[in-house]
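Per-entry structural report
Here's the letter readout for the chains.
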Amino acid sequence: MKYSLFRFFDVFEAVAIYLFCFTSNLLFIYVQTLNLEGSFILKSFIESIVDYQLMISFFLTFIIIVFHYQFLNRRKTEISCRILVGDTMANIIIRYILNSLTILMFSFLLSLSLNFYLKLNVTSNLYLVFIFIIYILISAGLVKK
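Figured I'd write up the structure that's included with this text. None of these values were measured; they are calculated from a predicted model.

**Here we look at the packing of aromatic side chains**
- Considering all chains together, one arrives at eight aromatic pairs under this definition.
- Note on F6 and F71: the rings are 4.4 Å apart at their centroids and 10 degrees apart in plane angle, and the pair reads as stacked. Here F6 is found in the segment before α1 (8-33), whereas its partner F71 is found in helix α3 (residues 53-74), with 65 residues between them in sequence.
- On the accessibility criterion, F6 (4% relative accessible area) is buried.
- Grouped by ring-pair contacts, the aromatic residues Y18, F22, F108, F132 and Y135 constitute a single cluster.

Encoded structure:
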């Protein structure tokens, strides 16, 4: 990642945020598959949280948007300096997209291993991956600004 805008801490932060979003989604699905007929209090508590699953997932994906926006704002000076020394805007955007997708896929593969371990449906996290890819492509437009 020699020419990348991402530093080690940025990669670690992005992986942690993506994993948190994926695993929280997996936990919601896992909790729905549990048989809690024996414990009425626990079942009602979990159902009250699961009722807000969509809103919680939306909030967690919003954190990803904020991360990409803050990351690009922190790197504005570096992007300008790279352009001054001869790098092109197209190359910077392509590297940003590729590095972001690599981080996303690494996080997805980690969550996928947890998904297979818990024997849950894979499609819910696939929806999140497609949403995150759209976020990355939209945030790539912010590199120019």
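**As for the environment of F62**
- Considering the arrangement of structural elements, one finds F62 in helix α3.
- Distance from F62 to L114, taken between C-alpha atoms, is 23 Å for residues 52 residues apart in sequence.

**Remarks on the nonpolar core**
- Residues Y18, F22, Y96, I103, L104, F132 and V143 are the most contacted members of the largest nonpolar core, which totals 30 residues.
- Contributing elements (two or more residues each) for this core: α1, α3, α5 (89-118) and α6 (123-140).
- The biggest single contributor to this core is α5, with eight residues.
- Not counting the four nearest positions on each side in its chain, F132 is found in contact with Y18, C21, F22, T61, I64 and L104.

**Brief notes about unusual backbone geometry**
- Phi angles above zero are rare outside glycine, and K119 is one such case at about 55 degrees.
- Note on placement: K119 falls in the loop between α5 and α6.
- For K119, a relative accessible area of 75% gives the class exposed.

**Things to note about a nonpolar patch on the surface**
- On the surface, F8, F9 and F12 cluster together into a nonpolar patch covering about 430 Å² of accessible area.
- The topology assignment puts F9 in helix α1.

**Describing the packing of α3 against α6**
- Two numbers describe how α3 lies on α6: the axes approach to 10 Å, and their chain directions differ by 25 degrees. Viewed along their axes, α3 and α6 adopt a mutual orientation that is roughly parallel. Here α3 runs over α6; the crossing is right-handed. Between α3 and α6, the residues in contact are T61, I64, I65, H68 and L72 and L128, F132, Y135, I136 and S139, respectively.

**Quick look at helix α4 (residues 76-84)**
- Looking only at α4, the buried set comprises E78, I79 and R82. Angularly, the buried residues of α4 cover 100 degrees about the axis, an arc narrow enough to put them on a single face. Away from its buried face by more than 90 degrees, α4 exposes T77 and L84.
- Where the residues of α4 are buried, they touch α5.
- Positive backbone phi, at 115 degrees, marks G86, one or two positions downstream of α4.

Conventions we followed
- Residues numbered from 1 in each chain as written.
- Predicted model: local features only at pLDDT ≥ 70, side-chain atom pairs only at ≥ 80, totals over all residues.
- Heavy atoms only, no water.
- Phe/Tyr/Trp six-rings, centres within 6.5 Å; stacked < 30°, edge-to-face > 60°.
- Helix = DSSP H or I, 4+ residues; strand = E, 2+ residues; numbered from the N terminus.
- Buried < 20%, exposed > 50% of the residue type's maximum accessible area, 1.4 Å probe, protein only.
- Core = buried A, V, L, I, M, F, W, Y, C linked by side-chain atoms within 4.5 Å.
- Contact = heavy atoms within 4.5 Å.
- Patch = residues over 30% accessible without salt bridge, like charges linked within 9 Å, V, L, I, M, F, W, Y side chains within 5 Å.
- Areas by Shrake-Rupley, 256 points an atom, 1.4 Å probe, with all protein chains shown as cover.
- Salt bridge = Lys/Arg side-chain N within 4 Å of Asp/Glu carboxyl O.
- Axes fitted to C-alpha atoms, helices over the stretch in contact; angles between N-to-C directions.
- Parallel < 35°, antiparallel > 145°, perpendicular 65-115°, else oblique.
- Left-handed = near helix turned anticlockwise from the far one by under 90°.
- Arc of directions from axis to C-beta.

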